[in-house]
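So you can see what is in the structure, the chains are spelled out below.
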Amino acid sequence: MARKTKADAEATREALLDAAEDVFFEKGVARTTLEQIARHAGMTRGAVYWHFKNKADLFHAMSDRVHLPFEELTRELESPQQGRTPLDTIRLTLRHAFIRIEQPRHRRVLSIILHRCEFFSDINPLQMQHKMAEDCYCSMLRHFEMAEQSGQLAPHINAVHAAQLMEYTIGGMIQDWLRTPEEYSLAERGRVIIDSLFDLLSRNAPGAASTAPGAIPS
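These numbers were taken from a predicted model, which means no experiment stands behind them.

Asker: Kindly report on helix H9 (residues 159–179), identifying the contributing residues and their values.
Answerer: Its 21 residues place the ends of H9 31 Å apart at the C-alpha level, agreeing with the 30 Å of an ideal helix rising 1.5 Å per residue. Buried residues of H9: Ala159, Ala162, Ala163, Met166, Thr169, Ile170, Met173, Ile174, Trp177 and Leu178, and no others. Along the long axis of H9, the arc covered by the buried residues comes to 155°, so they all point the same way. In H9, the exposed positions angled more than 90 degrees off the buried face are occupied by Tyr168 and Arg179. Taken together, the buried residues of H9 touch helix H6 (86–102), helix H7 (104–115), helix H8 (125–149) and helix H10 (186–201). With a side-chain oxygen positioned 3.2 Å from the backbone nitrogen of valine 160, the residue opening H9 is asparagine 158.

Have a look at this one:
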């Protein structure tokens, strides 16, 4: 009986998080009330307070359902045994990240954080965005530094510039895709663009080794 009660409580919590995701996406975080979330879930406001302290607690729990640190995803894909280089690891990590972001729940929560969330109580959207970007950048920089040390980067690029170029490209791609996600696949277009960037960054890319630092490619 206790197991059933625990399972029921977890199902209620998940239903409230689903409802919060729907209402936050529709109305924005600041304009959403706990009463609206409870009503959308077919429950009372008391049920919300049973599981969450306040709206900020509910918001962060919703975000945590989809948050997988970039570094953690990178570690899952690192495989020196398979001859995977640091550049291979970053490329593969980005491909997997784009696939995750395309999933409906991930897309909606990311849209809420980036476009439908204002400063409110304990909710700081800029801080959350900065944390996500920093996590991604630091992980990529670590691998680009390994690539630079092992001579895998093209001679005209260093690890810092490579990580910055990749971060700015990824951020711009995601922002553009979130405006009209139905128009194209982020995973498919992202793969093409990221592969093209790695061709520019890699020493083994055609013409990379022959380009001297500071020279303009022909």
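Asker: I'd like a rundown of the side chain of aspartate 195, residues and numbers included.
Answerer: Its location among the elements puts aspartate 195 in helix H10. Aspartate 195 sits in the buried class, given a relative accessible area of 19%. If we skip the residues at most four places from it in the chain, aspartate 195 touches Arg91 and Arg95.

Asker: Describe the nonpolar core, listing the residues and the values that go with them.
Answerer: Judged by nonpolar contacts, the single largest core of 33 residues is most densely connected at Leu94, Met140, Phe144, Met166, Ile170 and Phe198. For this core, the secondary-structure elements that each account for two or more residues are H6, H7, H8, H9 and H10. For this core, the element with the most residues is H9, which contributes 9 residues. For methionine 166, the contacting residues outside a window of four places in its chain are Leu94, Met140, Phe144, Ile194, Leu197, Phe198 and Leu201. Grouped together as the second largest cluster of nonpolar side chains are 24 residues, Ala19, Phe52, Phe59 and Val109 included.

Asker: Quick rundown of the packing of helix H4 (residues 55–64) against H7? Include the residues and the values.
Answerer: Look at H4 against H7: their axes get within 10 Å of each other, and the N-to-C directions meet at 135°. It follows that H4 is oblique to H7 by the angle criterion. For the crossing formed where H4 meets H7, the hand is left-handed. The segment H4 lies against H7, with Phe59, Met62 and Ser63 engaging Val109, Ile112 and Ile113. Split by residue class, the contact of H4 with H7 holds 5 nonpolar, 1 polar and no charged.

Asker: Report on the packing of aromatic side chains, specifying residues and quantitative values.
Answerer: On inspection of all chains with the given rule, the structure shows 2 aromatic pairs. Between the aromatic rings of phenylalanine 24 and phenylalanine 59, the centroid separation amounts to 6.0 Å while the plane-to-plane angle is 65°, which identifies the pairing as edge-to-face. A residue pair is termed long-range when its members are at least 10 positions apart, and phenylalanine 24 in helix H1 (residues 2–27) and phenylalanine 59 in helix H4 qualify at 35 residues. Taking the relative accessible area as the measure of exposure, phenylalanine 24 reaches 0% and is therefore buried. By relative accessible area, which is 0% here, phenylalanine 59 ends up buried. Seen from their ring centres, phenylalanine 144 and phenylalanine 198 are 6.2 Å apart, and the 25° between their planes marks the pair as stacked. With phenylalanine 144 in helix H8 and phenylalanine 198 in helix H10, the pair connects residues that are 54 residues apart, well separated along the chain. The exposure class of phenylalanine 144 is buried, given its relative accessible area of 0%.

Asker: Describe in detail the pattern of salt bridges, supporting the description with residues and values.
Answerer: On inspection of all chains with the given rule, the structure shows 11 salt bridges. Arginine 39 serves as the salt-bridge partner of glutamate 35, at 3.7 Å between the closest nitrogen and oxygen. A residue pair is termed a helical-turn pair when its members lie 3 or 4 positions apart in one helix, as glutamate 35 and arginine 39 do in helix H2 (residues 34–41) at 4 residues. Residue glutamate 35 is classed as partly exposed on the basis of its relative accessible area, which comes to 36%. By relative accessible area, arginine 39 is classed as exposed at 54%. Here arginine 95 ties to aspartate 195 by a salt bridge, and the two come within 3.0 Å at their closest N and O atoms. Of this pair, arginine 95 sits in helix H6 while aspartate 195 sits in helix H10, and the two are 100 residues apart along the sequence. Taken together, the salt bridges that share partners define one network made up of Glu14, Asp18, Glu21, Asp22, Arg65, Arg105 and Arg108.

Rules used in this analysis
- Residues numbered from 1 in each chain as written.
- Predicted model: local features only at pLDDT ≥ 70, side-chain atom pairs only at ≥ 80, totals over all residues.
- Heavy atoms only, no water.
- Helix = DSSP H or I, 4+ residues; strand = E, 2+ residues; numbered from the N terminus.
- Expected span 1.5 Å × (residues − 1).
- Buried < 20%, exposed > 50% of the residue type's maximum accessible area, 1.4 Å probe, protein only.
- Arc of directions from axis to C-beta.
- Contact = heavy atoms within 4.5 Å.
- Polar contact = N/O pair within 3.5 Å; in protein donor to acceptor, adjacent residues only side chain to side chain.
- Core = buried A, V, L, I, M, F, W, Y, C linked by side-chain atoms within 4.5 Å.
- Axes fitted to C-alpha atoms, helices over the stretch in contact; angles between N-to-C directions.
- Parallel < 35°, antiparallel > 145°, perpendicular 65-115°, else oblique.
- Left-handed = near helix turned anticlockwise from the far one by under 90°.
- Nonpolar A, V, L, I, M, F, W, Y, C, P; charged D, E, K, R; others polar.
- Phe/Tyr/Trp six-rings, centres within 6.5 Å; stacked < 30°, edge-to-face > 60°.
- Salt bridge = Lys/Arg side-chain N within 4 Å of Asp/Glu carboxyl O.

As far as function goes, none of this settles anything; it's purely spatial.
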